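Geometric and topological summary
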Amino acid sequence: MVEQLTREKIAQHADIRIEAPRVIVPTDRTFELPTGLYVATAALFLGFVTTLSIGFASPGMIIPFAIFALFIVAFFSVPAVWTRLAPATKSRAKTWARFRQEGIMTAYGRTTARDATLQVMILPILIFAWGLIMVTIAALV
């Protein structure tokens, strides 16, 4: 039925280990994309803010546009710094040649470099184009 276990009975059958073996797992923080795509994305977002700041230039908008630019720089700088944090890793971002040859693995399977580039860049390009369209409409109206 039910047996009461005391500390002594448990200690007789227990396999007590003071120190567990430390396993170092290699860390990969490269996102499997070339650095050029990351830089191009940041440049398009900064280009959007720059386009709006030039198109809607007024003294009252200097501080908001400067804050927007600082936030974009921070949002892209923090992950760039994170890739270089401890523990040190031997992994490096893919080169363009390797990216074109291998593509990347996504949740839905292997994706070619062309498709991955399109997926990564479509939103920043559309946002930048939206900024150009807004400035053009404001200039014409």
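Whatever comes next refers back to the structure up there.
Here goes a summary of the coordinates provided. (Residues numbered from 1 in each chain as written. Predicted model: local features only at pLDDT ≥ 70, side-chain atom pairs only at ≥ 80, totals over all residues. Heavy atoms only, no water.)

1. Points about the pattern of salt bridges
Tallying each qualifying case throughout the model produces 4 salt bridges. Between K9 and E3 there is a salt bridge; the shortest N-O distance is 3.5 Å. Close ionic contact of D115 with R114 constitutes a salt bridge, the shortest N to O distance being 3.4 Å. The class for D115 is partly exposed, based on a relative accessible area of 28%. If you follow the salt bridges from partner to partner, you end up with K94, R98 and E102 in one network. (Salt bridge = Lys/Arg side-chain N within 4 Å of Asp/Glu carboxyl O. Buried < 20%, exposed > 50% of the residue type's maximum accessible area, 1.4 Å probe, protein only.)

2. Brief notes about helix 3 (residues 62-82)
The end-to-end C-alpha separation of helix 3 is 30 Å, in line with the 30 Å expected for 21 residues at 1.5 Å each. Along helix 3, the positions that sit buried rather than exposed are F65, I72 and F76. One side of helix 3 carries all its buried residues, which in axial view fall inside an arc of 30°. For helix 3, the exposed residues set more than 90 degrees away from the buried face come down to I62, I63, L70, V78 and V81. (Helix = DSSP H or I, 4+ residues; strand = E, 2+ residues; numbered from the N terminus. Expected span 1.5 Å × (residues − 1). Arc of directions from axis to C-beta.)

3. Observations concerning a nonpolar patch on the surface
Together, I62, I63, I67, F68, F71 and F75 give the surface a local cluster of nonpolar side chains, amounting to about 660 Å² of exposed area. Its relative accessible area of 57% is what places F75 among the exposed residues. (Patch = residues over 30% accessible without salt bridge, like charges linked within 9 Å, V, L, I, M, F, W, Y side chains within 5 Å. Areas by Shrake-Rupley, 256 points an atom, 1.4 Å probe, with all protein chains shown as cover.)

4. Some details on helix 2 (residues 35-55)
Across its 21 residues, helix 2 extends 30 Å between first and last C-alpha, which sits within 8% of the 30 Å expected from 1.5 Å per residue. Three or more residues of helix 2 are buried, namely L37, T41, A42, L44, F45, G47, F48, V49, T51 and L52. Its buried side turned inward, helix 2 meets helix 3, helix 4 (96-102) and helix 5 (113-140). (Contact = heavy atoms within 4.5 Å.)

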